Amino acid sequence: MNRRRFIASSAAFAALSTLPSCKKSGGAQTLTIFTWSDYLKPEVKEKFEKAHNCRVVIDTFDSNEAMLAKLDAGASGYDLLVPSSYAVQALKRKGLLQPLDHALLPNLKNIDATYLSKALDPKMEISVPYMTAPTCLSYLASKVSDAKHSWTILDRADLKGRITLLDDMREVLGAALKVLGQSLNSTDPEQLAKAADIAIAWKKNIAKFENEQYKSGIASGEFFLVQGYAGDLMQAADENEDMRIFIPEEGTAFSCDDLCIPKEAKNTALAHQFIDFVSGPEIAAENMESIGYRAPNSAAYSHLTEDFRGSEVLFPPDAVFAKCEPIADLGDKLPLWTKEWDRVKNS
Ligand code: SPD
């Protein structure tokens, strides 16, 4: 696939983001985005900067919980956030987001209506879907024999010390709940306790819980089996053709990350312009092909290559997709999860 090499380019991208803003040098505006790493094609960023005579500054988080904690602690200065849909709901409950002005967003007509019918914000009142993808497992074919395409591959003691899991309770306990045949959004205390027991057993085999180094770690051969996000794994696979990526047979999280504007944003008009820009058909397709994620944007699909459309990870067969679930907002049940996750982390 024609993806930009992100793993090597992340440092350069971060360096670009620390350049002085145009406010100081040329009077142009700065759009500050708080988002996941490797989640915007650098050339798309440059095209937006050129089209709107502005500078885009990227600050990154590596989990929704880290993003929520930073905002809860009072972090400000962001014009645009890119949380997963369940975290958008949490931000909304806290009164941290502002309603979107649809008059400034003509490209909303491109957003996939089938997707929206199941989305947590179907009318896009406070958020616009950006990218969606499953959480997957990936392994090195030359190192992992007889790889069963199941979460239970994490039980394999022969891979001890060569596995990583995401440092994310929704992903790890969610995967364990899928092994139990339960919803990954369960709030049943008994099911959660059993899921934590499974995660504790997995923990004995892993090198670490972490959310970023797994990409270069599996690409370099340091790790043999990692849990990660589909697009990040596809970017890594561009570096190492020995990598295989699969959706575990029990099902997985199929998350969507959304674009939304914080209540305190300074550059609200520019933030709307950015949302509209990345929702245009050609730009959405270009961005998707580069970062390896799928934008729910009907108008963009005809601009995708056959290779990309053929990805069984991003466009899984119906039977596989039926076992996948979006991550839901836990609301006041959150402590049930944090209690079990603490038990896993302290084991
Ligand atoms: N590098 C982009 C990572 C995108 C992750 N999506 C969020 C998944 C939520 N669990």
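Residues numbered from 1 in each chain as written. Predicted model: local features only at pLDDT ≥ 70, side-chain atom pairs only at ≥ 80, totals over all residues. Heavy atoms only, no water.

Q: I'd love a proper account of the sheet that holds strand β1 (residues 29-36), names of residues and values included.
A: In spatial order, the strands read β2-β1-β3; together these three strands make up an open sheet with parallel pairing. This sheet does not close on itself; its edge strands, each paired only once, are β2 (54-61) and β3 (80-81). As defined by bridge partners, β1 adjoins β2 across eight bridges and the pair is classed as parallel. Bridged to L31 within β2 is V56. Together, β1, β2 and β3 form the strand contacts of helix α4 (residues 64-72), whose direction differs from that of β1 by roughly 135°. (Pairing = 2+ DSSP bridges. Helix = DSSP H or I, 4+ residues; strand = E, 2+ residues; numbered from the N terminus. Contact = heavy atoms within 4.5 Å. Axes fitted to C-alpha atoms, helices over the stretch in contact; angles between N-to-C directions.)

Q: Outline the domain arrangement of the chain, listing residues and values.
A: Structurally, the chain comprises domain 1 (10-132 + 256-309) and domain 2 (133-253 + 316-345). The C-alpha centroid of domain 2 is placed 26 Å from the C-alpha centroid of domain 1. Counting residues at the interface gives 17 residues for domain 1 and 17 residues for domain 2. Both sides of the domain 1 and domain 2 interface together cover about 1,400 Å² of buried area, and 46% of this is carbon and sulfur. Put simply, domain 1 and domain 2 have two salt bridges between them. Where R93 meets D329, a salt bridge forms, and the shortest distance between an N and an O atom there is 2.6 Å. Summed over the shared surface of domain 1 and domain 2, the result is eight residue pairs in polar contact (both at pLDDT 80 or more). For the side of domain 1 that touches domain 2, the leading source of residues is helix α5 (residues 85-93), giving four residues. (Domains from an automatic or database assignment. Buried area = accessible area lost by both parts, 1.4 Å probe. Salt bridge = Lys/Arg side-chain N within 4 Å of Asp/Glu carboxyl O. Polar contact = N/O pair within 3.5 Å; in protein donor to acceptor, adjacent residues only side chain to side chain.)

Q: I'd like to hear about the layout of surface pockets, residue by residue, with values.
A: The gaps left among the atoms become clear once a water-sized probe is rolled over them. Taken as a whole, the largest pocket spans an internal volume of roughly 570 Å³. Lining the largest pocket we find 25 residues, and of these Y115, K118, T132, F254 and F321 sit closest to its centre. Counting residues per element, the ones that place at least two in the lining of the largest pocket are α5, α6 (113-118), β9 (254-259) and α15 (318-321). Classifying every residue of the lining of the largest pocket by side-chain character gives 14 nonpolar, six polar and five charged. Residues lining the lining of the largest pocket come from more than one domain, with at least three contributed by each of domain 1 (10-132 + 256-309) and domain 2 (133-253 + 316-345). Put simply, the second largest pocket is a space of about 370 Å³. If you list the elements that add at least two residues to the lining of the second largest pocket, you get α4, α5, α7 (169-179) and α16 (334-346). Looking at the lining of the second largest pocket residue by residue, the classes come out as eight nonpolar, three polar and nine charged. (1 Å grid on protein atoms, 1.4 Å probe; cavity = no way out; pocket = protein on both sides within 12 Å on 5 of 7 lines; lining within 4 Å. Points joined across faces, edges and corners; volume = space filled by probe spheres on them. Nonpolar A, V, L, I, M, F, W, Y, C, P; charged D, E, K, R; others polar.)

Q: Requested: an account of the nonpolar core, with residues and values cited.
A: By size, the foremost hydrophobic cluster in this structure holds 108 residues, and its most contacted members are Y130 and W202. The biggest single contributor to this core is strand β4 (residues 128-140), with eight residues. Split by domain, the residues of this core number at least three in each of domain 1 (10-132 + 256-309) and domain 2 (133-253 + 316-345). (Core = buried A, V, L, I, M, F, W, Y, C linked by side-chain atoms within 4.5 Å. Buried < 20%, exposed > 50% of the residue type's maximum accessible area, 1.4 Å probe, protein only.)

Q: Can you lay out the packing of aromatic side chains for me, pointing to particular residues and giving the numbers?
A: Scanning the entire structure with this criterion turns up 13 aromatic pairs. Seen from their ring centres, F34 and F61 are 4.9 Å apart, and the 80° between their planes marks the pair as edge-to-face. Here F34 is found in strand β1, whereas its partner F61 is found in strand β2, with 27 residues between them in sequence. One Lys or Arg, R170, reaches over the ring of Y86 and ends 5.0 Å from the middle of that ring. The residue whose ring lies beneath R170 is W337, and the NZ or CZ to ring-centre distance is 4.8 Å. (Phe/Tyr/Trp six-rings, centres within 6.5 Å; stacked < 30°, edge-to-face > 60°. Lys NZ or Arg CZ within 6 Å of the ring centre and 35° of its normal.)

Q: Describe the packing of helix α9 (residues 213-220) against helix α10 (residues 230-237), and please don't skip the residues or the numbers.
A: The geometry of α9 relative to α10 is characterised by a closest axis approach of 9 Å and an angle of 35° between their N-to-C directions. When you trace α9 past α10, the crossing you get is right-handed. Seen from α9, the contacting residues are Y214, K215, I218 and A219; seen from α10, they are D232, L233 and A236. (Left-handed = near helix turned anticlockwise from the far one by under 90°.)

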